[in-house]
Amino acid sequence: MKFYSQRGFALASLAAAVGLASMPAFAADYVAGKDYIVLDNPETISGDNIIVREFFWYGCPHCYNLDPYMLKWAKNKPSDVIFMQSPAALNPMWETNARGFYAAQLMGYLPQTHTKLFDAIHKDNKRLFDQASLSKWYASQGLDQKEFNKLYNSFAVSTKVARSKAGAMRYQITGVPAVVVHGKYVVQGEDGKVPKVVDYLVKKVRMDMKAGK
């Protein structure tokens, strides 16, 4: 299976597989290095919430396939989990869609436009990868085009794009889709297995938090 990447689908490192005997019962089906990747330099996240962050690009067919599974998962996620969608901005084309995402988010239209934009690109074969075409498309969904264009290159949107880039670098992401669980684990795939692995890792993080790790 190939995923969208700038230099092929790869992450900088893989963790050694964890012995099944040392893992709790719910972990038996998922193995580090096979079903998920353990980051060498995990992020330290404070607080009681568990952060799940999905990196994607609207033009990626694998991201399109994964999206309904993650949206369904998000509707039923545990109350202590915070789910964040992060449009990857790893190159100029991806950044245009990231800017559109954040502009729509700031305008309060993201829930209405997220899936529709995926559909427009992958079902209707529309080339929505530049500011002009994006602004027209978002306007067709009810957004004020002038306000959208104003926000597109604004400091607020640029800050969000910069944070997305920094996150991708920290988590060693070179391809999408990639779901990062609490800054420690990366899950890749495009089907219903992904949220299942995410759930397992959320439980793992929760256990570690309770144990003070």
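As the structure is a prediction and not an experimental result, all values here were calculated from the model. (Residues numbered from 1 in each chain as written. Predicted model: local features only at pLDDT ≥ 70, side-chain atom pairs only at ≥ 80, totals over all residues. Heavy atoms only, no water.)

**Q** Would you take a moment to explain the overall build of the protein for this structure?
**A** When you go through the protein residue by residue, the secondary structure sums to seven helices and seven strands. Put simply, the protein runs from its N terminus to its C terminus through helices and strands in the order β-β-β-α-β-α-α-α-α-α-β-β-β-α. Counting across all 213 residues of the protein, residues that qualify as buried make up 48%. When contacts within the protein are restricted to residue pairs at least 6 apart in sequence, long-range pairs at least 24 apart make up 73% of them. Carbon together with sulfur atoms contributes 53% to the accessible area of the protein, which is approximately 10600 Å² in total. (Helix = DSSP H or I, 4+ residues; strand = E, 2+ residues; numbered from the N terminus. Buried < 20%, exposed > 50% of the residue type's maximum accessible area, 1.4 Å probe, protein only. Contact = heavy atoms within 4.5 Å. Areas by Shrake-Rupley, 256 points an atom, 1.4 Å probe, with all protein chains shown as cover.)

**Q** Mind showing me how you'd approach the side chain of Asn-97 here?
**A** In this fold, Asn-97 is placed in helix α2 (residues 92–106). With residues near it in sequence (within four places) discarded, Asn-97 still touches Trp-57, Tyr-58, Leu-128, Phe-129 and Leu-134.

**Q** Is there a simple way to think about the sheet that holds strand β6 (residues 178–181) in this case?
**A** Backbone-to-backbone hydrogen bonds join strands into a sheet, with any given pair of strands oriented parallel or antiparallel. Taken in spatial order, the five strands of this open sheet run β2-β7-β6-β3-β4, and their pairing is mixed. Lying at the two open borders of the sheet, with one neighbouring strand each, are β2 (37–38) and β4 (81–87). Its contacts with the sheet put helix α7 (residues 193–210) on β3 (50–56), β4, β6 and β7 (185–187), and the angle it makes with β7 is roughly 170°. (Pairing = 2+ DSSP bridges. Axes fitted to C-alpha atoms, helices over the stretch in contact; angles between N-to-C directions.)

**Q** What should I look at first to understand the confidence of the model for the protein in this one?
**A** Averaged over the protein, the pLDDT score is 89; the fraction of residues at 70 or greater is 86%. Residue range residues 7–25 is modelled with pLDDT below 50. Its contacts to residues more than four positions away, or to other chains, number 36 contacts. (pLDDT = per-residue confidence, 0-100.)

**Q** It is not clear to me how the packing of helix α1 (residues 61–75) against helix α3 (residues 110–122) should be interpreted in this structure. Could you clarify?
**A** The axes of two packed helices give the description: the angle between them and the distance between them. Running from amino to carboxyl end, α1 crosses α3 at an angle of 150°, the nearest separation of the two axes being 11 Å. Here α1 lies roughly antiparallel to α3, going by the angle between them. Considering the relative orientation of α1 and α3, their crossing is left-handed. Along the contact surface, α1 presents Pro-61, Cys-63, Tyr-64, Asp-67 and Leu-71, while α3 presents His-114, Thr-115, Phe-118, Asp-119 and His-122. Within the contact of α1 with α3, the residues separate by chemical class into five nonpolar, three polar and two charged. (Parallel < 35°, antiparallel > 145°, perpendicular 65-115°, else oblique. Left-handed = near helix turned anticlockwise from the far one by under 90°. Nonpolar A, V, L, I, M, F, W, Y, C, P; charged D, E, K, R; others polar.)

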